[in-house]
Amino acid sequence: MSEVADGMYPVARNLCWHGGIHLEAPSVDRQPLPVRAIADGIVRCARPASANQSGDPEHAQSYGGWTDNGVVVIEHTTEIGAAANDTPVTVRFYSIYQHLIEVPRTLRLGQRVYRKAELGHAGYIDGQPNRIHFEIACDNANLQLLIGRNQGQVATEQDGRSNVVFGEIYVRLPSGTPIYTLPEGHRLLDNNPAAQSQGPEPRANAPRPPAQPLAASMSTTIDCYVGLRYAMGDGPINERGDLTVTTYREDGSVCGQRSEAGAEYDIFSRAKAISQAYAAPNQPIRSAVYELLRFGRVINTANETLTPADVPHWRAIIVPTANGTGTQTGWVNLNNQAQGQQVRVFSDADFPHWRGWQLFNDDLSAGDSRCDSDAIKTLLDVDGDHHVTPNERLSRMQDAQVRSKLRHAICPMPSEWNAADLQARWDWLQTTTEENPEPLVGDSYTDFIAHAQALSFEAPQAFAATWRFHPRGFIEAFRYCMWFGLEEFAQCLPRQSLSAADLPWDMARTRAQTHYIPLNRLFQKYKGHSKQRIAHSLAQVYIETGLLRTLFEDGRGRRYVYGAFYGRGYHQLTWAGNYEQYGKYKGIPNQRAPVYSDTRITLTSTHAKDSGGTTMNWSPRYDPAIVGENTAHAAESSGFYWVSKSFRRRTNINRACDLAFNQTSLAFICWLINGGGNGYADRQQFAKYLANMLFDAPPLTGSETYRYPPLEPPADPPLCRTFPPTEVVYTLNGTVNYVAQRPA
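Residues numbered from 1 in each chain as written. Predicted model: local features only at pLDDT ≥ 70, side-chain atom pairs only at ≥ 80, totals over all residues. Heavy atoms only, no water.

Enquirer: Hey, could you go over helix 14 (residues 576–586) for me, with residue numbers and the actual values?
Expert: Among the eleven residues of helix 14, eight are classified as buried, and the element is accordingly described as predominantly covered. Buried residues of helix 14: Ala576, Gly577, Tyr579, Glu580, Tyr582, Gly583, Tyr585 and Lys586, and no others. Count one or two residues on from helix 14 and you reach Gly587, which has phi positive near 65°. (Buried < 20%, exposed > 50% of the residue type's maximum accessible area, 1.4 Å probe, protein only. Helix = DSSP H or I, 4+ residues; strand = E, 2+ residues; numbered from the N terminus.)

Written out as structure tokens, the structure is:
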């Protein structure tokens with residue numbers, strides 16, 4: 001829906017508070033599309049629209065042109081993260097859809113509705129058709145949960161929150177941070193936080209010369225922030241694994257920006273190289289280094305420890321110089337822990353002020369609808385006389401920079417839809433001020449109050465939620481938070497599939513209860529916010545685990561060469577060689593007195609390392625049973641396999657996920673996971689179901705037949721001989737049932 005200029009956030013005509021935005025419904029074949037729910041929730045108000053009587057100029061809803069009064073209010077309760085002990089961060093907020101011309105008769109107070117559900121059709125606002133007022137609100141306690149604070153700016157003397165992390169990562173560099181210039185062909189050593197430079201090979205295949213201390217070429221002269229935004233599947237196909245490194249000044253202005261092609265796809269190999277730069281046995285755990293590169297710090301502190309804590313994170317950045325007015329490229333340690341130079345790390349989940357987020361809570365008036373925020377007025381004041389005329393408001397709110405700031409404004413205000421305090425909120429309209437040069441008096445004021453009364457509705461829970469977000473700004477921010485709540489994840493388990501003729505809601509919810517937090521952590525660390533990657537991943541998880549029935553391969557490897565090293569975890573880690581590499585990645589120590597759950601593993605037993613015929617002695621390494629018994633290991637082993645998988649001279653299955661989402665890319669991923677033979681039809685079906693659940697297109701219902709490509713012969717299917725995969729004729733047929741997984 002497109003935003004309409006005459007209904008902007010957070011103020012409207014006469015400088016009155018306006019808690020939402022006006023949107024115009026898009027049309028297809030000249031038919032306006034329906035309004036849909038932005039997330040799952042409970043209906044707290046559902047009022048049908050009054051019959052259109054625009055021909056009656058005296059009607060209360062004809063004030064200023066006919067305005068429809070159909071409305072739906074939804075209370076949303078969801079999760080946006082979890083503490084290290086897996087306690088979820090649960091939030092509650094409200095979405096308001098006002099001025100609907102039609103509300104379904106089936107929509108009832110207290111009813112549960114789901115994301116993408118139809119709520120009605122946009123109606124008239126001031127005589128203009130196909131428009132709605134859309135609003136997002138929360139109370140003070142939930143503002144604290146949603147953005148990490150309920151007053152002021154982000155506290156930059158400490159790291160941002162780690163229980164909710166998403167979007168761009170920000171590393172704060174204090175003034176005085178040393179910056180280094182590398183001579184051409186030189187590299188910084190990865191095993192020393194004190195910069196050491198190593199020159200190039202003097203000739204081909206010759207060793208590099210010994211490293212030498214590198215003196216700083218300069219220091220930062222202002223506090224600044226280095227933003228790390230991994231594409232995570234966004235953007236043009238050839239840029240979906242890139243990293244954008246942006247340097248921000250304290251006021252949010254950009255010093256400069258540079259890109260690292262494929263940097264996200266290479267996090268695993270980079271973490272391995274950093275770890276191996278240290279001498280054994282003092283190598284930092286690779287999975288912890290992975291988090292350092294991915295999040296700027298370790299966030300999963302219950303399962304990861306970075307030792308030493310000052311493992312360097314060298315990056316080339318654009319450096320602010322000359323007190324922030326100039327720029328130059330240099331190298332900086334983004335994990336600098338030195339006294340006086342210690343970095344602090346944040347993410348978009350902190351709603352940082354240097355990215356424009358601001359709480360405008362300086363209106364101390366007695367709860368009326370007049371905006372008396374000095375901060376808002378200063379933003380809209382053109383001539384600096386501390387007064388805002390109607391023309392100044394209109395002019396400034398059309399300015400792109402001002403609109404960007406208001407898009408990030410979070411403001412407390414009374415609801416404009418509460419009939420209980422209409423007179424108290426609007427009495428000021430009868431008084432002449434700079435913002436209200438034409439007061440409403442007599443019948444004009446009476447007519448206005450009658451109009452406001454006709455649009456009012458009952459939703460006490462929403463009225464108690466006084467904080468407002470710009471709705472687009474709110475949604476844009478949280479689209480980077482792909483954290484599933486329990487019941488949201490349960491809905492991702494199909495009710496009917498080739499793998500289960502009927503998976504009832506209670507069973508789906510029970511399975512989700514066990515697995516949704518470790519899977520959320522898997523997605524957060526290894527897949528990011530990409531719904532496409534998550535759909536691909538879950539399509540594989542479901543067949544490997546029997547729709548989360550088990551984390552152990554059925555049969556436990558008894559007829560297979562890999563034997564005791566059968567599939568475990570969400571992606572069923574298999575073969576002793578893969579278990580060995582996972583142990584190195586996680587830094588799992590050897591056992592002093594080896595004990596194994598599987599009697600096939602003994603102190604002297606040998607096991608197939610891979611399908612190539614090589615064998616290895618396993619003892620005294622860790623007991624592989626932990627990969628199936630511990631959900632954290634089940635998730636981490638799956639992430640490890642996903643990002644370390646090599647194919648066609650490349651690494652990281654996310655490369656395949658980031659291609660166009662279709663049966664061909666899915667077939668290629670099936671082949672990467674297990675050759676595509678086991679449950680191939682099921683995996684194709686799961687992906688169709690998940691795309692319907694997760695993607696933004698209107699939900700499909702009933703059944704759909706489709707065609708998909710063969711993976712024959714299994715050892716060398718033509719589709720998989722190249723990357724990107726080779727398109728082949730779709731000769732196989734499938735059917736997916738889109739029946740929703742919901743409570744009975």
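Enquirer: Explain the sheet that holds strand 15 (residues 196–198) to me, using residue names and the numbers behind them.
Expert: As summarised here, the arrangement of the three strands in space is 14-15-16, forming an open sheet in which the pairing is antiparallel. Both edges of this open sheet fall to strand 14 (187–188) and strand 16 (212–213), since each of them pairs with a single strand only. Summarising the sheet, strand 15 and strand 16 pair through two bridges and their orientation is antiparallel. Residue pairing for strand 16: Gln196 is matched across the bridge by Pro213. (Pairing = 2+ DSSP bridges.)

Enquirer: Go over unusual backbone geometry with me, naming the residues and quoting the values.
Expert: Cis geometry marks the peptide bond from Tyr9 to Pro10, where omega comes out at 5°. Position of Pro10 among the secondary structure elements: in the loop between strand 1 (2–3) and strand 2 (20–24). Note the cis peptide between Glu712 and Pro713, where omega equals -10°. The residue Pro713 is located in the loop between strand 31 (703–708) and strand 32 (732–737) in this model. At Leu547, a residue that is not glycine, the phi angle is positive and equals roughly 55°. By the element assignment, Leu547 lies in the loop between helix 13 (531–545) and helix 14.

Enquirer: Please set out the packing of helix 13 against helix 18 (residues 663–674) residue by residue, giving values where relevant.
Expert: Where helix 13 meets helix 18, the closest approach of the two axes is 11 Å, and the angle between their N-to-C directions is 45°. It follows from the interaxial angle that helix 13 and helix 18 lie oblique. Handedness of the crossing formed by helix 13 with helix 18: right-handed. Contact with helix 13, carried on its side by His536, Ala539, Gln540 and Glu544, involves Ser665, Leu666, Ile669, Cys670, Ile673 and Asn674 of helix 18 and no other residues of that element. When its residues are assigned to classes, the contact of helix 13 with helix 18 shows five nonpolar, four polar and one charged. (Axes fitted to C-alpha atoms, helices over the stretch in contact; angles between N-to-C directions. Parallel < 35°, antiparallel > 145°, perpendicular 65-115°, else oblique. Left-handed = near helix turned anticlockwise from the far one by under 90°. Contact = heavy atoms within 4.5 Å. Nonpolar A, V, L, I, M, F, W, Y, C, P; charged D, E, K, R; others polar.)

Enquirer: Which residues make up the side chain of Ser456, and what are the values?
Expert: Inspection of the secondary structure puts Ser456 in the loop between helix 8 (443–455) and helix 9 (460–463). At a separation of 3.5 Å, a polar atom in the side chain of Ser456 contacts the main-chain carbonyl oxygen of Trp417. If we skip the residues at most four places from it in the chain, Ser456 touches Arg47, Trp417, Asn418, Ala419 and Leu422. (Polar contact = N/O pair within 3.5 Å; in protein donor to acceptor, adjacent residues only side chain to side chain.)

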